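One letter stands for each residue in the lines below.
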2 protein chains.
Amino acid sequence: MTRIVNVAAAQLGPIQRNTSRAEVIERLLVHLHNAAAMGCHVVVFPELALTTFFPRWYLEDPAEMNMFYESQMPGPETQKLFDAAKKLGIGFYLGYAELSVENGVAHRYNTSILVGRDGEIIGKYRKVHLPGHAQNEPWRAFQHLEKYYFEPGPSFNVWRAFGGVMGMALCNDRRWPETYRVMGLQGVEMIMLGYNTPVHNPPAPEHDDLSMFHNQLVMQAGAYQNGTWVVGVAKAGKEEGCEMIGGTSIIAPSGEVVAACSTKGDELAIARCDLDLCNSYKSTTFNFDRHRRPEAYSRITEQRGAIAPTAV
Amino acid sequence: MTRIVNVAAAQLGPIQRNTSRAEVIERLLVHLHNAAAMGCHVVVFPELALTTFFPRWYLEDPAEMNMFYESQMPGPETQKLFDAAKKLGIGFYLGYAELSVENGVAHRYNTSILVGRDGEIIGKYRKVHLPGHAQNEPWRAFQHLEKYYFEPGPSFNVWRAFGGVMGMALCNDRRWPETYRVMGLQGVEMIMLGYNTPVHNPPAPEHDDLSMFHNQLVMQAGAYQNGTWVVGVAKAGKEEGCEMIGGTSIIAPSGEVVAACSTKGDELAIARCDLDLCNSYKSTTFNFDRHRRPEAYSRITEQRGAIAPTAV
């Protein structure tokens, strides 16, 4: 028996600041239609897929800031995506900036949702690993103010959907093995994750030429070490003067890349993913119940930072 | 300032069952001398480097079994390694089967030690992640009875040595991101690990052609995700009819392979490793104290096996 999910990794090229929400949604709809025409069951869009990557600027005016957030999902403009999904019978993962008013207090999250083939929301994920910094650092060529713009989410969940166990993550989450493992421990079979990754990392420019290598390395390792599919989708190209990596990939539970984008623009990479390919990893080398040793891992949850032994 | 450790990854070709301990030690001494002649400070030998990989057989006779274990370290035969280390001023990591009698009870471990340039033992590690199985499974082309032959060790430690923070692991440990992370949380700057990895995995032969890819993937990811050097050293080649992978590599904190063996025999790969290269990872992308979210990781220590959501 096979459990096939036909997946489209829907890379986006740059979205400039003056691009309207309506224009962006037209691009997403093109992806949805093209993916549906190729028999796909689900489309994975990038992180913060509705606007430019605004954490590159330090904004103080709440009104200016709020233009980048969605306070409803679906909202007046994004409703079109849900309608198309339902009509086409195709699900999607979408990253966006979420403004949520809870008990009269505004909360802001870097969020993704998973929408089913019926156009209904299946689950929501709020980004756990917010990278960058919380204060304006004018010395940088551009900012990476995710710790200023967002609160972190609580943890990683999975949902039964598309015939298997689906998980979500966002961008920097993919560099942390804990991300994959927390979902692996919930039997995840496909992790969808969108990202916006500048080529240049101002605090460590010595890594810039390795940014694509690191992108692939962490997603391939996360897939293999948990016996899960990983669908990593970029917003790529030169956005407001900032060059972002592409590298959109669909990765098998073996760790092998089975489909990838080769441009930095709007592009679909498509794969026919058999969820049953997870089994041979989850039941042998990565049979967690047989081989894991949680009693040896206590530092992972008991401490946040590194504690090196005292120098002698 | 740089903190240079010159490292030799001392791959071994096969050791057959009838090869004497004395013959093996001569091969290790050749490696020690060649590494010292090239200015190395430390030599990393494989796992179970003194004998053939005996967990491929199911042995019941304790006397027969005990021939593969060391009950003293240094012992009458291994003393030569310690003497050479002291004379040459070169340290080493060595994997071996340890028989330890504690309160009159025999305990067996898959062990490694780190020996300093003065020929003294700095630290001992007992393998945490024992792969394979505990019962004889005659259907296999060969056994992998590590769960029969060894008790697991408690966890991963680090030691200040060779001017930095050194850690040890063994073979299957390298596939588990927890291994690297537990040492990363202790500020590890170089992880030494030996392995014996058959090309063929009887329960999952469909992965056999990926064995080298997986070997590299997990070590490169572990290095990058913790900003540490990784020195992975194989016992390679055809041993008692069982083909084992090579792939001995020295991996930088960037995840890049900087030195590697290209044969399946006795071979040295050498690198001049700057421990200060760890800093740019540990202080930026992988600044654990700034970016980790232990409160989101509780499943990692609270559960051993995967718990998938109930099917609906």
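Residues numbered from 1 in each chain as written. Chains lettered and ligands numbered in written order. Predicted model: local features only at pLDDT ≥ 70, side-chain atom pairs only at ≥ 80, totals over all residues. Heavy atoms only, no water.

(A) How the structure looks around the environment of His 214 of chain B. Residues and elements named next belong to chain B. Within the fold, His 214 resides in helix α6 (residues 211-226). The buried category is assigned to His 214, whose relative accessible area is 3%. With 39 residues separating them along the chain, His 214 and Arg 175 place their C-alpha atoms 8.2 Å apart. (Helix = DSSP H or I, 4+ residues; strand = E, 2+ residues; numbered from the N terminus. Buried < 20%, exposed > 50% of the residue type's maximum accessible area, 1.4 Å probe, protein only.)

(B) Focus on the packing of helix α5 (residues 177-184) of chain B against α6 of chain B. All names here are of chain B. In the contact formed by α5 and α6, the axes pass within 9 Å of each other and the chain directions differ by 30°. Viewed along their axes, α5 and α6 adopt a mutual orientation that is roughly parallel. Where α5 crosses over α6, the two elements pack in a sense that is right-handed. On α6, the residues that touch Tyr 180, Arg 181 and Gly 184 of α5 are Val 218, Met 219, Gly 222, Gln 225 and Asn 226. (Axes fitted to C-alpha atoms, helices over the stretch in contact; angles between N-to-C directions. Parallel < 35°, antiparallel > 145°, perpendicular 65-115°, else oblique. Left-handed = near helix turned anticlockwise from the far one by under 90°. Contact = heavy atoms within 4.5 Å.)

(C) Just helix α3 (residues 79-88) of chain A, in detail. All names here are of chain A. Regarding α3, the residues found buried are Leu 81, Phe 82, Ala 84 and Ala 85. The buried residues of α3 occupy an angular sector of 165° when projected down its axis, which confines them to one face. Among the exposed residues of α3, those pointing more than 90 degrees away from its buried face are Lys 86 and Lys 87. Residues of α3 that are buried in the fold lie against α1 (21-37), β4 (91-102), β5 (105-115) and β6 (121-126). Gly 89 lies just past α3 and shows a positive phi near 70°. (Arc of directions from axis to C-beta.)

(D) Examining the state of the cysteines more closely. Residue and element names in this part refer to chain A. Per the counting criterion, the structure on display carries 0 disulfides over all chains. You can see Cys 40 has no disulfide; the closest cysteine sulfur is in Cys 273, sitting 9.1 Å from it. The thiol of Cys 278 is not disulfide-bonded; the next cysteine sulfur, from Cys 273, is found 9.4 Å away. (Disulfide = S-S within 2.5 Å.)

(E) Examining the relation of the copies chain B and chain A more closely. In screw terms, the move from chain B to chain A is a rotation of 180° and a rise of 0.0 Å along the axis, fitting with an RMSD of 0.0 Å. With respect to symmetry, the two chain copies, as superposed, fit the operation of a two-fold axis. Here 100% of the contact residues of chain B are again contact residues in chain A; the copies associate through an equivalent surface. (Least-squares fit on C-alpha atoms with pLDDT ≥ 70 in both.)

(F) The pairing of strand β7 (residues 158-161) of chain B, seen in detail. All names here are of chain B. Bridging between β7 and strand β8 (residues 164-170) involves 4 bridges; their strand directions are antiparallel. The residue of β8 that forms the bridge with Ala 161 is Gly 164. Here β7 folds back onto β8 in antiparallel fashion, the turn holding 2 residues, of which Phe 162 has a positive phi close to 55°. (Pairing = 2+ DSSP bridges.)

(G) Geometry of the confidence of the model for chain A. For chain A, the mean per-residue pLDDT works out to 97, and 99% of the residues sit at or above 70. If you check the scores for this complex, the pTM reads 0.98 and the ipTM reads 0.97. (pLDDT = per-residue confidence, 0-100.)

(H) Structural view of the pattern of salt bridges. Summed over all chains, the structure comprises 38 salt bridges over all chains. Notably, a salt bridge pairs Glu 239 of chain B with Arg 56 of chain B, separated by 2.7 Å at the nearest N-O pair. Taken together, the positions of Glu 239 of chain B in strand β11 (residues 237-239) and Arg 56 of chain B in the loop between β2 (42-44) and α2 (62-66) put the pair 183 residues apart, joining distant regions of the chain. This pair shows no difference in class: Glu 239 of chain B is buried, exactly as Arg 56 of chain B is. Put simply, Glu 98, Glu 102, Lys 124 and Arg 126 of chain A are held in one network by salt bridges that share partners. (Salt bridge = Lys/Arg side-chain N within 4 Å of Asp/Glu carboxyl O.)

(I) Just the sheet that holds strand β14 (residues 257-260) of chain A, in detail. Residues and elements named next belong to chain A. In spatial order, the strands read β7-β8-β9-β10-β13-β14; together these 6 strands make up an open sheet with mixed pairing. If you trace the sheet from one side to the other, it starts and ends with β7 (158-161) and β14, each paired once. Here the average twist between neighbouring strands, direction ignored, is 20°. Pairing between strand β10 (residues 229-234) and strand β13 (residues 249-251): 3 bridges, direction antiparallel. Looking across to β13, one finds that Gly 232 is bridged to Ser 249. Most of the contacts of helix α5 (residues 177-184) go to strand β8 (residues 164-170), to which it runs at about 155°, and overall it touches β7, β8, β9 (190-195) and β10.

(J) Structural view of the UniProt feature "domain: CN hydrolase" (unreviewed entry) in chain A. Mapped onto the present numbering, the UniProt feature "domain: CN hydrolase" (unreviewed entry) falls at residues 5-277 of chain A. In residues 5-277 of chain A, helix accounts for 22% and strand for 31%; the two terminal C-alpha atoms are 12 Å from one another. (UniProt positions renumbered as here; feature names shortened; annotations may be inferred.)

(K) Main features of the interface of chain B and chain A. Facing 70 residues of chain B, the contacting portion of chain A comprises 70 residues. On the chain B side of the interface with chain A, the three residues burying the most area are Trp 176, Ile 300 and Arg 304 of chain B, jointly 11% of the side's total. There are 6 salt bridges connecting chain B and chain A. The shortest N-O distance in the salt bridge between Arg 304 of chain B and Glu 295 of chain A comes to 3.7 Å. (Buried area = accessible area lost by both parts, 1.4 Å probe.)

(L) Representation of the side chain of Gln 303 of chain A. Positionally, Gln 303 of chain A belongs in the segment after α9 (298-302). Of note is the side chain of Gln 303 of chain A, whose polar atom sits 2.9 Å from the side chain of Arg 299 of chain A. There is a polar contact of 2.8 Å between the side chain of Gln 303 of chain A and the backbone oxygen of Leu 185 of chain B. Residues within four places of Gln 303 of chain A in sequence aside, it is in contact with Leu 185, Arg 292 and Pro 294 of chain B. (Polar contact = N/O pair within 3.5 Å; in protein donor to acceptor, adjacent residues only side chain to side chain.)

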